[in-house]
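# Chains, contacts and geometry: an overview
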Amino acid sequence: MSRVFNFSAGPAALPEAVLKRAGEELLDWHGAGMSVMEMSHRGKEFMSIAAQAEADLRELLAVPDNYKVLFLQGGASSQFGMVPMNLTRDNKKVDYLITGSWSKKAVAEAKRYAEVNLAADTSDSKFTIAPGQDELKLSGDAAYVHYTPNETIHGVEFPYVLETGDVPLVADFSSTILSRPIDVSKYGIIYAGAQKNIGPAGLTIVIVRDDLIGNASDGTPTMFNYATHAKSGSMYNTPPTYSWYLAGLVFKWLKEKGGLSAMAEINQRKAQALYAAIDGSDFYANPVDPSCRSWMNVPFTLADAELDTKFLEGASAAGLKTLKGHRSVGGMRASIYNAMSEEGVQALIDYMAEFERVNG
Ligand SMILES: *Cc1c(COP(=O)(O)O)cnc(C)c1O
C-alpha cells in the first residue's frame, strides 16, 4: 500500500494517523466488541465519543460558553437555507457579500426567505479580491450579515474579520475552519461542512450563539430548526455517528500537533512556499490579489492551457492527485488543508519546477 499526496478540495485528505487509528478500532472500539458504526447513538459508548469530540473542538477553537456546537447533516448547503429560516422571523432584511461561487449560492437560497441586500459583489473582478471593510454597503439594521471567509473555488480569502456592530455575523467557514485560531465571539454563527478540513463527508458543524436559537420562522421544518438540535445535543434523530467519531479523532490529532496556533504556522508556511513558486515563475500564475490569497485552496494556471492534461497526467504518475481546477475556473487547484503535509507541498513544488524545465 502506498499513500498519495491528495490535493482534493473535498472530500479531502485526512491525517494518516487518524485513518490508522480508525482502522485499528474499526471492528472493536475500546472493547465494545463492535464498530462505532454499529453503536446506538444513545448508548454510553457513543455518548462518550460525542461528548469528547465536542469538548476537544471547543478547546481547539476556544468556543465561549454562550455558544452551542451542533453536529448536523445536510452539508454547508443546507445552512444556506437554515440560516435565513432561523434568523429572519422578525426582520427580513439581510446583508450578503458575494465573493465567489459559494457565497453566490448562499445568496440564491437566502432570497427564498429574505430580502437580500448585496453589501459587496466582486464578480466584476472575477472573484480575485476580497472587499475591504470600508467598501461594504452594510444596511446597519439587517437581521444578520453573511459572508464566506474563504472561497474554496476561487482561492480568495478575507484577511480580516468583518465589523458589523450589533448585527450578527454569519460565516461559511467550510474550507478554512481549524486552519488557524478564530475569535468565535465575533460571530453569531459559524458553519462548515466537515469534508474539507474537519473529517469525512456527512457531518456539518454549526457553532451558534445562544440568543440566535429559538427564533425560527413559522413553518420551519423541525429538522431545520437550530432549537431542535440545541435542545437534544444534536441527537433529535440519528446523527452521522461515524463522521462525528472520525472528526473527534481529527480534533485529538490537532491537539497533539499543538493546536490551531501551531497549525496556523504550518499552513502559512505551506501557502507561502507554493505561492512563491507560482510567483517566481512566468510559466505559472495565480490571479488572486496577494493581499487575500487563500491559505487552503491555491488555484493556478499554466502559461499554455494545452499543457494542462500533460501536467495532470505527470502529476498523477508522481503520486500528486486531484489537482484539476474546478470546472468553472479551469487550470489547477491545490487544496492544502491541515492534513496536507509540508512534504506534500514541497513534492508539488518540485514537480512544478521540473515540468516547467521540460515544457516551459
Ligand atoms: C464545499 C463548500 C460548500 C458546500 O458544502 P456541502 O457540504 O457540499 O454542502 C459550501 N461552502 C463552501 C465555502 C464550501 O467550500
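As named in an unreviewed UniProt entry, the chain is Phosphoserine aminotransferase, taken from endosymbiont of Ridgeia piscesae.

Each helix and strand counted, the chain has nine helices and 14 strands in total. Computed over C-alpha atoms, the radius of gyration of the chain comes to 21 Å, within 12% of the 21 Å expected from 2.2 N^0.38 for 360 residues, which places it in the range of a compact globule. Projected onto its principal axes, the C-alpha positions of the chain cover 60 × 55 × 30 Å. Residue burial in the chain is summarised as follows: out of 360 residues, 54% are buried. Residue pairs at least 24 apart in sequence account for 67% of intrachain contacts in the chain once pairs closer than 6 positions are excluded. On the chain, roughly 15500 Å² of surface is accessible, and the fraction owed to carbon and sulfur atoms is 51%. Between the centroid of the 33 positive side chains of the chain and the centroid of its 42 negative side chains there is a distance of 4 Å.

This paragraph deals with the UniProt feature "binding site: pyridoxal 5'-phosphate" (unreviewed entry) in the chain. When the UniProt feature table is mapped to this numbering, "binding site: pyridoxal 5'-phosphate" (unreviewed entry) covers Ala76, Ser77, Trp102, Thr152, Asp172, Gln195, Asn237 and Thr238. The greatest C-alpha distance among the annotated residues, which extend across 163 residues, is 30.4 Å, indicating that they are dispersed rather than converging on a single site. Checked against the element boundaries, Ser77 lands in helix H3 (residues 75-87). The class of Ser77 is partly exposed, set by a relative accessible area of 45%.

This part takes up the site of the ligand. The local shell around the ligand holds 13 residues, among which Ser77, Thr152, Asp172, Gln195 and Lys196 are the closest. For the ligand, an oxygen atom lies 2.6 Å from a polar atom in the side chain of Ser77. A distance of 2.5 Å separates a nitrogen atom of the ligand from a polar side-chain atom of Asp172. Protein burial of the ligand: of its 390 Å² of free accessible surface, 88% is covered by the chains. At four residues, H3 tops the list of elements feeding residues into the shell around the ligand.

What counts as what
Residues numbered from 1 in each chain as written. Predicted model: local features only at pLDDT ≥ 70, side-chain atom pairs only at ≥ 80, totals over all residues. Heavy atoms only, no water. Helix = DSSP H or I, 4+ residues; strand = E, 2+ residues; numbered from the N terminus. Rg over C-alpha atoms; globule rule 2.2 N^0.38 Å. Buried < 20%, exposed > 50% of the residue type's maximum accessible area, 1.4 Å probe, protein only. Contact = heavy atoms within 4.5 Å. Areas by Shrake-Rupley, 256 points an atom, 1.4 Å probe, with all protein chains shown as cover. Lys, Arg positive; Asp, Glu negative; His and termini not counted. Charge placed at Lys NZ, Arg CZ, Asp CG, Glu CD. UniProt positions renumbered as here; feature names shortened; annotations may be inferred. Near = heavy atom within 4 Å. Polar contact = N/O pair within 3.5 Å; in protein donor to acceptor, adjacent residues only side chain to side chain.

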